[in-house]
Amino acid sequence: MAKSNKDYFGLGYLVSVILAIIPITALICGVVTRIQEGKIVAGILRLLLGWNIIWIIDLVLMILNGRIMRLLNI
């Protein structure tokens, strides 16, 4: 699978930021993005922990550099 320059399925910056603002879509998109990268454990952890501080960090990082947080790379 080819890596995209941006997270959230290679969508544009503005669309990705809008998706990151809404907590439930940020959670779903974050989990799906990590699983698509082949990081199953990271996707499961994001599913379990992604509704709290990870959402805020993802929102800030998405606005600043267009990428979500990579806490666990396995």
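Note that the structure is predicted; figures quoted are calculated from it, not measured.

A. Seen up close, the pattern of salt bridges. All chains considered together, the criterion is met by three salt bridges. Glutamate 37 is paired through a salt bridge with arginine 70; the nearest N and O atoms lie 2.5 Å apart. With glutamate 37 in the loop between helix H2 (23-36) and helix H3 (40-49) and arginine 70 in the segment after helix H4 (53-65), this pair connects stretches of sequence that are 33 residues apart. On the basis of relative accessibility, which here comes to 34%, the residue glutamate 37 falls in the partly exposed class. The residue arginine 46 makes a salt bridge to aspartate 58 at a minimum N-O spacing of 2.3 Å. With arginine 46 in helix H3 and aspartate 58 in helix H4, this pair connects stretches of sequence that are twelve residues apart.

B. Fine view of the side chain of arginine 46. Taking relative accessible area as the criterion, arginine 46 reaches 6% and is therefore assigned buried. At 2.8 Å, the side chain of arginine 46 forms a polar contact with the backbone oxygen of methionine 69. Not counting residues within four places of it along the chain, the set of residues in contact with arginine 46 comprises Leu27, Gly30, Val31, Arg34, Ile54, Asp58, Ile68 and Met69.

C. Summary view of the environment of leucine 14. Locating leucine 14 in the fold gives a position in helix H1 (residues 13-21). It is 9.7 Å that separates the C-alpha atoms of leucine 14 and methionine 62, two residues lying 48 residues apart in sequence.

Rules behind the numbers
- Residues numbered from 1 in each chain as written.
- Predicted model: local features only at pLDDT ≥ 70, side-chain atom pairs only at ≥ 80, totals over all residues.
- Heavy atoms only, no water.
- Salt bridge = Lys/Arg side-chain N within 4 Å of Asp/Glu carboxyl O.
- Helix = DSSP H or I, 4+ residues; strand = E, 2+ residues; numbered from the N terminus.
- Buried < 20%, exposed > 50% of the residue type's maximum accessible area, 1.4 Å probe, protein only.
- Polar contact = N/O pair within 3.5 Å; in protein donor to acceptor, adjacent residues only side chain to side chain.
- Contact = heavy atoms within 4.5 Å.

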